[in-house]
Amino acid sequence: MLREPSVAAPIGEQARPTPNLGRLQADLQQFAELGATADSGVSRLAYTPLEREAHQLIARRMRDAGLEVRVDPFGNTIGVRPGRRAGTAAIASGSHLDSVPNGGRFDGTVGVLSALEVMRLLREQGLETEHPLWLVVFAAEEGARFGAPCLGSKAVTGLLTSDDLTRLRDAQGIALGEAMRGVGCQPETLGRERWSARDLAAFLEVHIEQARVLETEGRPIGLVDGIAGNTRVRLIVSGRADHSGATPMHLRRDALAAAAEIILGVEALARDPRRRSTVATVGRIEIEPNNLTTVPGRAVLSVDVRDIDSDRQRVTAREVAQLAYRVGERRAAQVLVELITDSSPAVLPIWLRQHVAEVCTELGIDFRVMNSGAGHDAAVVARVVPAAMVFIPSRDGASHSPQESSSLADIGRGVEVLYHAVLRLDRVLAELEGLG
Ligand code: HGY
Ligand code: MN
Ligand code: MN
């Protein structure tokens with residue numbers, strides 16, 4: 001006897017619950033207070049007590065919403081809403097709660113709270129899905145502290161190695177593994193837990209766009225096609241520390257002057273019109289001895305090269321190294337190049353994006369397909385299960401700064417799209433699995 005489809009009907013016939021914007025605003029405010037900075041930004045770095053405090057807060061919110069909560073050995077917090085058919089692969093949604101130093105209050109947090117609001121709405125609607133639903137909060141998505149991004153999602157997808165635990169260090173020289181243990185994680189279990197299509201059928205991430213396209217075009221939703229990859233290198237320029245008054249100009253080996261030439265060279269490489277979607281940034285520089293009356297003897301530059309095209313990404317990174325060596329030779333400075341991290345671009349599966357696109361159409365919400373210049377956990381998760389990303393507009397494209405903001409109305413639209421995408425996916429997968 002054929003079972004009645006136990007999943008929600010197409011949007012036309014089913015309720016369109018209104019996201020509770022007041023609740024979302026209150027939650028955004030509470031997370032904004034964890035690591036709040038003087039100019040209304042947040043600093044919640046990877047594997048610090050503040051990031052863990054944010055995970056403990058979301059765990060409480062998950063339990064309030066009726067989810068069973070667990071924290072895995074890498075600090076990822078996962079809330080589970082059982083489905084009718086235990087044992088089928090789950091539909092997951094979520095994002096991250098760590099930030100860059102003095103970053104924005106929306107990056108990552110919007111995706112986490114959108115997924116939480118969907119769980120609340122399902123509960124208030126009394127809707128039970130066929131598949132289990134996961135709310136996933138990944139640890140350490142930002143590369144700000146250790147140079148390499150998406151450490152929590154890489155840990156569960158087999159892309160983090162035990163070598164990374166000692167090799168990756170922060171500005172104080174603290175190794176990744178040590179920092180993880182310092183906040184109660186168990187990095188030594190790396191490799192034991194690895195997510196696969198048995199666990200997850202799909203992962204959906206709502207995120208702020210962090211650029212200006214949606215706002216410029218007046219579109220409320222972006223559906224992500226490709227996510228840029230990143231190659232990050234450390235350039236160590238060693239000259240000679242000398243007296244800034246007694247040392248004639250022609251005898252100097254000024255490491256900072258060499259670094260300055262390299263920085264402008266990196267910018268010129270990325271600005272080359274033949275590299276359509278390449279971006280390159282020297283976002284961090286350390287100078288020694290950093291004293292007014294000493295010619296700088298050492299400069300360490302961190303370079304972030306990104307592109308949606310993997311060949312261009314790697315060719316540009318190689319040319320950055322060659323440029324640095326040439327400047328070093330000319331200025332009698334020694335140059336060492338260290339690879340910090342290298343992640344390929346990801347193209348998200350069109351079939352999953354198409355389901356989300358049909359949800360937008362049924363909801364009458366305008367959208368556009370677009371690439372993401374920023375990296376995301378969805379790009380990592382996409383290596384093991386199908387992933388989709390839903391962007392909402394960023395005011396003036398501001399992000400990774402206290403000026404980052406998105407309107408509650410736009411956040412609410414992202415919640416609506418996610419809510420109906422989860423239900424549609426639950427229905428489609430159930431029918432495919434012959435459960436419907
Ligand atoms: O840096 C990024 O691409 C992102 O914010 N993790
Ligand atoms: Mn983010
Ligand atoms: Mn970010």
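Residues numbered from 1 in each chain as written. Chains lettered and ligands numbered in written order. Predicted model: local features only at pLDDT ≥ 70, side-chain atom pairs only at ≥ 80, totals over all residues. Heavy atoms only, no water.

Draft legend 1. Region of the structure containing the overall build of the chain. Of the regular secondary structure elements, the chain holds twelve helices and 15 strands. A compact globule built from 436 residues would reach a C-alpha radius of gyration of about 22 Å, and the chain, at 23 Å, matches this within 12%. Along the longest, intermediate and shortest principal axes, the C-alpha atoms of the chain span 90 × 45 × 40 Å. Taken over 436 residues, the chain has a buried fraction of 58%. Put simply, 80% of the contacts in the chain that link residues at least 6 apart link residues at least 24 apart. Charge centroids of the chain, computed over 50 positive and 56 negative side chains, lie 3 Å from each other. (Helix = DSSP H or I, 4+ residues; strand = E, 2+ residues; numbered from the N terminus. Rg over C-alpha atoms; globule rule 2.2 N^0.38 Å. Buried < 20%, exposed > 50% of the residue type's maximum accessible area, 1.4 Å probe, protein only. Contact = heavy atoms within 4.5 Å. Lys, Arg positive; Asp, Glu negative; His and termini not counted. Charge placed at Lys NZ, Arg CZ, Asp CG, Glu CD.)

Draft legend 2. Focus on the site of ligand 1. Near ligand 1, the surroundings consist of Asp-107, Glu-141, Glu-142, Gln-210, Arg-306, Ala-374, Gly-375 and His-400. Between a nitrogen atom of ligand 1 and a side-chain N or O atom of Glu-141, the distance comes to 2.7 Å. Glu-142 is positioned with one of its side-chain polar atoms (N or O) 3.2 Å from a nitrogen atom of ligand 1. Burial of ligand 1 by the surrounding chains reaches 94%, relative to a free accessible area of 210 Å². Residues of the shell around ligand 1, tallied by class, amount to one nonpolar, three polar and four charged. (Near = heavy atom within 4 Å. Polar contact = N/O pair within 3.5 Å; in protein donor to acceptor, adjacent residues only side chain to side chain. Areas by Shrake-Rupley, 256 points an atom, 1.4 Å probe, with all protein chains shown as cover. Nonpolar A, V, L, I, M, F, W, Y, C, P; charged D, E, K, R; others polar.)

Draft legend 3. Structural view of the coordination of the manganese ion (ligand 3). Within the protein, Asp-107 (OD), Glu-142 (OE) and His-400 (NE2) serve as the donor atoms for the manganese ion (ligand 3), at 1.9 to 2.2 Å. Taken as a pair, the manganese ion (ligand 3) and the manganese ion (ligand 2) lie 3.5 Å from each other and share Asp-107 as a ligand. Taken together, the residues Asp-107 in the loop between strand E3 (90-96) and helix H3 (109-125) and His-400 in the loop between strand E15 (387-392) and helix H12 (408-432) connect sequence positions 293 residues apart. According to the relative accessible area criterion, His-400 is partly exposed, its value standing at 38%. (Donors = N, O, S within 2.8 Å, 3.2 Å for Na, K, Ca; no water.)

Draft legend 4. Layout of the side chain of Asp-72. Turning to its location among the elements, Asp-72 is positioned in the loop between strand E1 (68-71) and strand E2 (77-81). Nearest to the buried, unbridged Asp-72 among oppositely charged side chains is Arg-70, at 5.4 Å. A distance of 2.9 Å separates the side chain of Asp-72 from the side chain of Asn-76, its partner in a polar contact. Those residues within four positions of Asp-72 in sequence are excluded, and the remaining contacts are Ile-78, Val-156 and Glu-193. (Salt bridge = Lys/Arg side-chain N within 4 Å of Asp/Glu carboxyl O.)

Draft legend 5. Seen up close, the packing of helix H10 (residues 350-363) against H12. Remark: H10 packs on H12, axes separated minimally by 9 Å, with the N-to-C direction vectors making an angle of 120°. Judged by the inter-axis angle, H10 sits oblique to H12. Two packed elements cross with a definite hand, and for H10 against H12 that hand is right-handed. Of H12, the residues touching H10 (which contributes Trp-351, Leu-352, His-355, Val-356, Glu-358, Val-359, Cys-360, Glu-362 and Leu-363) are Glu-416, Val-417, His-420, Ala-421, Arg-424, Leu-425 and Val-428. (Axes fitted to C-alpha atoms, helices over the stretch in contact; angles between N-to-C directions. Parallel < 35°, antiparallel > 145°, perpendicular 65-115°, else oblique. Left-handed = near helix turned anticlockwise from the far one by under 90°.)

Draft legend 6. Spatial organisation of the coordination of the manganese ion (ligand 2). The coordination sphere of the manganese ion (ligand 2), as far as protein atoms go, consists of His-96 (NE2), Asp-107 (OD) and His-207 (NE2), spread over 2.1 to 2.3 Å. Positions of the donor residues of the manganese ion (ligand 2), expressed as sequence spacing, correspond to H-x10-D-x99-H.

Draft legend 7. Region of interest: unusual backbone geometry. Cis geometry is adopted by the peptide bond preceding Pro-289, which originates at Glu-288 and carries an omega value of 0°. Positionally, Pro-289 belongs in the loop between strand E9 (279-288) and strand E10 (294-295). With phi around 50°, Asn-102 is a residue other than glycine that occupies positive phi space. Relative to the assigned elements, Asn-102 resides in the loop between E3 and H3. On the accessibility criterion, Asn-102 (25% relative accessible area) is partly exposed.

Draft legend 8. Molecular detail of the confidence of the model for the chain. Averaged over the chain, the pLDDT score is 96; the fraction of residues at 70 or greater is 97%. Note on residues 1-8: pLDDT is under 50 here. Beyond four places in sequence and across chains, it has 16 contacts. (pLDDT = per-residue confidence, 0-100.)

Draft legend 9. Molecular detail of the sheet that holds strand E11 (residues 298-307). With antiparallel pairing, four strands are arranged side by side in an open sheet as E9-E11-E7-E12. Two strands lie at the open edges of the sheet, namely E9 and strand E12 (334-343), each paired on one side alone. Strand after strand, the sheet turns through a mean of 15° between neighbouring axes, direction not considered. Sheet analysis places strand E7 (residues 229-238) next to E12, joined by nine bridges and oriented antiparallel. Its bridge partner lying in E12, Arg-232 is registered against Thr-341. Packed on one face of the sheet, helix H8 (residues 255-271) meets E7, E9 and E11 and runs near 175° to E9. The strands touched by helix H9 (residues 310-330) within the sheet are E7, E11 and E12, with E12 carrying the most contacts at an inclination of about 165°. (Pairing = 2+ DSSP bridges.)

Draft legend 10. Structural view of the side chain of Asp-410. Within the fold, Asp-410 resides in helix H12. Residue contacts for Asp-410: discarding those within four places in its chain leaves Pro-220, Ile-392 and Pro-393.

Draft legend 11. Focus on helix H1 (residues 21-32). With twelve residues, H1 extends 16 Å from end C-alpha to end C-alpha; this agrees with the ideal 16 Å at 1.5 Å per step. Among the residues of H1, Leu-24, Asp-27, Leu-28, Phe-31 and Ala-32 are the ones counted as buried. Seen along its axis, H1 keeps its buried residues to an arc of 140°; they face one direction. Structurally, H1 contributes buried residues whose contacts are with helix H2 (49-64), H3 and H12. Its side-chain oxygen 3.2 Å from the backbone nitrogen of Gly-22, Asn-20 forms the N-cap of H1. (Expected span 1.5 Å × (residues − 1). Arc of directions from axis to C-beta.)

Draft legend 12. Inspection of the packing of aromatic side chains at higher detail. In the structure shown here, the tally under the stated rule is three aromatic pairs. Seen from their ring centres, Trp-134 and Trp-195 are 5.3 Å apart, and the 75° between their planes marks the pair as edge-to-face. Highlighted residues: Trp-134 in strand E4 (residues 133-138) and Trp-195 in the loop between helix H6 (176-182) and strand E5 (200-208), separated in sequence by 61 residues. Across this residue pair, the class does not change: Trp-134 and Trp-195 are buried. Geometrically, the ring pair formed by Phe-138 and Phe-203 is edge-to-face, given 5.7 Å between the ring centres and 70° between the ring planes. Pair noted here: Phe-138 is in strand E4 and Phe-203 is in strand E5, with a separation of 65 residues, a long-range link. (Phe/Tyr/Trp six-rings, centres within 6.5 Å; stacked < 30°, edge-to-face > 60°.)

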